[in-house]
Amino acid sequence: MTSSEIRNQFIEFFKKQNHAHRPSASLVPDDPTVLFTVAGMVQFKAQFLGIGNKSFTRAVTAQKCVRTNDIENVGFTPRHHTFFEMLGNFSFGDYFKQEAITWAWEFLTTVCKLDKEKLWVTIYKDDSEAYEIWKNDVGLAEKRIVRMGEETNFWTMGATGPCGPCSEILYDIGPKPGKPEAGPDEDEDRYLEIWNLVFTQFDRQADGSLAPLPQKNIDTGMGLERLAAVMQGVSSNFDTDLFQPLIQAIAKETMKRYGKDEKNDSSMKVIADHIRSSVFLIADGVLPGNEGRGYVLRRILRRAVRHSKLLGLNDVFLYRLVPVIVGLMAAHYPEVKERREHVVSVVKSEEERFQHTLDSGLAILNDTIAEVKKTGKTIISGKQCFQLYDTYGFPLDLTREIAQEHKLGIDENSFNREMTAQRDRARSAWAGSGDRVISPAMSILTSKIVPTHFAGYTNLIVKGKVLALLQKEQAVKNVKAGDEVVVILDTTAFYAESGGQLADKGELSNHEMLAEISDVQKTPEGHFLHFAMMKRGSLAINESVQVAVKSGERTAIARNHTVTHLLHAALRQVLGKHIEQAGSEVRSQDLRFDFSHFQAVTVTELDRIEDIVNTKILENVQVDTQELSIEEAKSKGAMALFGEKYGDRVRMVQVDAYSKELCGGTHVRDTGEIGLMKIVTESSVAAGVRRIVAVTGENALREIKRQQNVVRDVCQTLHTSEEEVPARVEKLMVRVKELEKEKEKNMIKHASTSVDDLIHQATKIKGIACITAELPGFNMNAMRAAADALKQKIGSGVIVLGTAEDGKATLIAAVTKDLLDKKVHAGNLIREIAKVIEGSGGGRPDFAQAGGKNPEKLKAALAATPAVLEKMVTG
Ligand code: SER
């Protein structure tokens with residue numbers, strides 16, 4: 001079976017058992033506690049906790065996953081990957097061990113037709129229930145059911161969250177020649193884990209204890225790459241049809257043969273794996289960066305670039321592999337095809353960036369390694385690693401890996417100290433940006449409470465009941481004036497920060513109390529956390545409050561949000577379909593919109609964009625919002641945004657046929673309410689990402705008034721009308737140029753009259769006529785003209801002239817042609833004497849110039865000339 005057939009057969013098999021086929025979730029989970037989607041179950045976390053979508057209780061997926069904990073092994077073993085696909089079937093309080101085990105067995109033995117004699121299983125040590133099912137229902141021989149401990153047979157997604165004992169199905173690939181017979185507990189290489197069945201029945205608490213979940217669940221995961229390797233009879237995942245076309249493309253590009261040289265093979269595998277994760281991460285909205293997800297992507301891509309260098313390539317080429325991956329994967333993951341152009345440009349630009357510094361960085365690292373070895377040390381200092389990171393873009397893991405190849409370590413602690421110091425510097429520059437992260441502890445505290453009902457699309461004032469009060473991540477029963485507290489209500493009118501739109505501000509109050517709300521965040525489970533400051537009175541659990549959003553701010557935010565959609569559509573219309581939103585921030589005072597585009601947007605393009613948006617505003621189109629299924633929304637052509645995870649029911653915001661986006665934000669009712677949109681700046685944020693800042697409504701008016709005031713001031717100074725300003729300024733510029741020319745002419749006139757005096761002052765150095773002079777008030781052009789006049793008059797000689805002005809000294813040197821063979825060189829001469837005025841300079845053999853910052857030494861510099869000249873011709 002091809003891997004694509006395996007994937008389809010798996011889905012079909014479980015669909016027949018009434019499982020809902022769910023699409024793969026984004027690699028970027030909508031969960032601040034998790035970096036990437038690491039398993040099929042990540043998208044079902046809420047269902048496992050009994051609080052998620054209840055419209056289905058069985059699901060089947062082929063899920064894209066990224067794990068980077070073993071990145072240094074990737075390429076050097078047959079089975080390590082950063083990107084892989086996990087086939088999984090899930091039950092949420094529906095079937096349990098019996099069905100999970102027997103279906104897994106049926107799929108492997110009847111659909112995949114694996115040899116029953118080669119299958120073994122492990123179970124958690126005290127799980128007699130699983131043991132009985134394997135023995136009695138499946139009929140597996142007792143010796144092939146192995147009991148193992150917590151380390152291998154108790155699955156947890158992280159430090160906290162849904163977990164449970166598991167039973168793994170292993171495939172015996174047979175003994176290695178010369179290796180003694182052993183069981184799965186002793187020989188991991190021989191017994192290949194292909195499927196993990198997790199009986200998810202606990203919720204691990206922050207203190208490590210296991211709380212039973214309200215229901216028993218099933219979470220299974222089978223690596224597609226491994227199953228494909230077993231079924232296709234190859235010993236490495238890289239030899240399956242998932243990888244071979246890619247590896248062959250790499251071999252062709254690098255003109256190396258796969259399978260000939262172990263080192264080259266490893267590099268090809270590294271590239272194949274890493275380009276797969278990069279393509280999928282970028283398609284899910286991650287961009288290379290220096291923090292979090294962006295940094296992981298950068299490190300993966302840069303590791304691949306280094307291996308392309310090891311294969312002898314000095315040019316960018318990874319981006320040419322993107323179409324190969326699209327060809328292999330688009331049938332199941334259409335996003336790689338939809339975002340293909342964007343992925344290509346991001347990969348290419350990151351490659352180009354790193355190619356730039358890779359050579360210099362490698363040279364430095366090699367010197368360092370040689371130095372460390374010479375001094376008999378075994379560790380590369382954190383400072384060095386930091387310099388490589390900061391100046392040459394070497395991710396720490398890359399430095400570590402290269403060091404390891406030379407049997408050296410790195411001083412990670414001191415690297416981290418350097419990093420922290422730099423972060424602190426960066427942070428203090430950004431103080432007040434107010435990013436709040438919901439801690440895992442907070443998520444756990446709230447997971448027992450019903451999610452908050454958001455009534456704020458239509459109401460700005462509602463009644464809410466206090467369900468929880470949290471202080472310092474602990475639940476408390478009541479709070480009083482002066483306390484800072486996080487309030488969770490059953491109903492709220494406050495919009496919680498999401499989708500780039502900042503939270504509403506406002507108040508909670510009743511006859512007893514008043515609290516100011518400065519920020520609102522939402523947990524993945526849908527609890528709105530109101531960050532409140534108690535101004536007056538006290539507040540206790542179960543009390544009712546009036547929830548009131550500041551309406552002025554909300555209106556300003558709504559204007560900016562709707563305009564963000566209009567801007568997005570206009571950018572695609574004017575610049576092209578490759579425009580993807582790369583980030584946005586919608587605030588009351590302005591909006592920021594980041595998008596993928598590889599050059600600056602021209603003034604004419606910006607003008608057109610602004611006009612299109614303002615036309616839509618003038619048309620006063622109604623902004624429609626409707627809830628519908630994700631499939632319906634997509635079929636209507638709604639734009640789904642990067643990195644955003646959508647539920648089954650989505651909200652589509654539509655401005656006639658012009659703009660359709662999936663969005664949970666708050667919007668104006670009619671575009672006319674926006675008043676006016678004005679682009680304030682267009683700039684670059686990162687390679688391939690541009691940013692537009694724009695204002696609307698009153699702020700647009702204010703911006704226009706500001707510009708008007710500037711023009712008014714200019715008019716007053718010039719004593720002219722607005723219309724005449726451009727012509728007036730042009731005329732002034734022409735006049736200034738004329739005056740400058742006139743001034744030069746006067747100087748030259750002055751110079752020509754004194755040419756004879758200067759000629760008389762000429763001294764002879766080793767038979768060469770040498771003229772040095774200070775010409776006060778001269779500029780460069782005038783000095784040049786004087787030097788030319790002197791050259792003509794003297795016929796043969798060396799001329800050095802200088803002038804001092806505004807704390808600077810300028811020197812020029814001219815040499816007549818006949819002296820050029822006599823080792824006289826104007827550039828070398830001026831370089832020496834420029835030192836006297838604390839400056840530098842250079843130029844051609846016949847003409848050179850220099851500048852210096854010590855005008856007081858000008859005379860001394862001129863006086864030094866004869867000696868320098870003498871040394872030049874004699875030396
Ligand atoms: N969550 C389990 C795993 O990742 C089974 O899917 O192994």
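This text gives an overview of the structure that appears in the document. (Residues numbered from 1 in each chain as written. Predicted model: local features only at pLDDT ≥ 70, side-chain atom pairs only at ≥ 80, totals over all residues. Heavy atoms only, no water.)

A separate point is the site of the ligand. Every residue lining the ligand is accounted for by Ala-39, Met-41, Arg-67, Met-86, Trp-155, Asn-196, Val-198, Asp-219, Thr-220 and Gly-221. With respect to the ligand, the side chain of Asn-196 contributes an N or O atom lying 3.0 Å from an oxygen atom. At a separation of 2.8 Å, a nitrogen atom of the ligand approaches a polar side-chain atom of Asp-219. Protein contact buries 95% of the 230 Å² of open area that the ligand shows by itself. Of all the secondary structure elements, the ones that give two or more residues to the shell around the ligand are strand 8 (191–204) and strand 9 (210–223). Looking at the shell around the ligand, its residues break down into 5 nonpolar, 3 polar and 2 charged. (Near = heavy atom within 4 Å. Polar contact = N/O pair within 3.5 Å; in protein donor to acceptor, adjacent residues only side chain to side chain. Areas by Shrake-Rupley, 256 points an atom, 1.4 Å probe, with all protein chains shown as cover. Helix = DSSP H or I, 4+ residues; strand = E, 2+ residues; numbered from the N terminus. Nonpolar A, V, L, I, M, F, W, Y, C, P; charged D, E, K, R; others polar.)

This part is about the packing of helix 9 (residues 292–310) against helix 14 (residues 396–405). It is at 9 Å that the axes of helix 9 and helix 14 come closest, and there the two elements cross at 40°. Counting all contacts with helix 9, which are made through Tyr-295, Arg-299, Arg-302, Arg-303, Arg-306 and His-307, the residues of helix 14 involved are Leu-396, Asp-397, Leu-398, Glu-401, Ile-402 and Glu-405. (Axes fitted to C-alpha atoms, helices over the stretch in contact; angles between N-to-C directions. Contact = heavy atoms within 4.5 Å.)

What follows deals with the environment of Ala-481. Tracing the chain through its elements places Ala-481 in the loop between strand 15 (478–480) and strand 16 (484–489). Taking relative accessible area as the criterion, Ala-481 reaches 40% and is therefore assigned partly exposed. Along the chain, Ala-481 and Met-513 lie 32 residues apart, while their C-alpha atoms are 8.1 Å from each other. Filtering out sequence-adjacent residues up to four positions away, Ala-481 remains in contact with Met-534, Lys-535, Arg-536 and Gly-537. (Buried < 20%, exposed > 50% of the residue type's maximum accessible area, 1.4 Å probe, protein only.)

Here we come to the pattern of salt bridges. Tallied over the full model, the rule gives 40 salt bridges. Taking the shortest distance from any N to any O, the salt bridge between Glu-401 and Arg-303 comes out at 2.6 Å. With Glu-401 in helix 14 and Arg-303 in helix 9, this residue pair connects regions lying 98 residues apart in the sequence. Among the residues examined, Glu-401 registers a relative accessible area of 8% and is labelled buried. Of the residues examined, Arg-303 reaches a relative accessible area of 4% and is grouped as buried. The salt bridge involving Lys-793 is made with Asp-756; its shortest N-O contact spans 3.2 Å. Of this pair, Lys-793 sits in helix 22 (residues 780–794) while Asp-756 sits in helix 21 (residues 725–760), and the two are 37 residues apart along the sequence. Overall, the relative accessible area of 37% leaves Asp-756 in the partly exposed class. Taken together, the shared-partner salt bridges in this structure form one network comprising Arg-299, Asp-397, Arg-400 and Glu-412. (Salt bridge = Lys/Arg side-chain N within 4 Å of Asp/Glu carboxyl O.)

Now for helix 14. Counting buried positions over the 10 residues of helix 14 gives 7, a clear majority of the element. If you check which residues of helix 14 are buried, you get Leu-396, Asp-397, Leu-398, Thr-399, Glu-401, Ile-402 and Ala-403. Among the residues trailing helix 14, Lys-407 stands out with phi positive, at a value near 60°.

Counting residues in each nonpolar core, the largest one holds 113 residues, and the members touching the most others are Phe-107, Leu-108, Leu-114, Trp-134, Trp-195, Leu-318 and Phe-394. Apart from the residues within four sequence positions on either side, Phe-107 is in contact with Ile-6, Gln-9, Phe-10, Phe-13, Cys-112, Trp-195, Met-222 and Leu-227. Residues Phe-593, Val-621, Met-677 and Ala-694 belong to the second largest nonpolar core, which totals 29 residues. (Core = buried A, V, L, I, M, F, W, Y, C linked by side-chain atoms within 4.5 Å.)

Of all 7 residues in strand 26 (residues 649–655), 6 are buried; the element is thus mostly enclosed. When strand 26 meets strand 27 (residues 659–662), the two strands line up antiparallel, connected through 4 bridges. Directly across from Gln-654, in strand 27, lies its bridge partner Lys-660. From the end of strand 26 to the start of strand 27, which pair antiparallel, there are 3 residues, and Asp-656 there has a positive phi angle of about 25°. (Pairing = 2+ DSSP bridges.)

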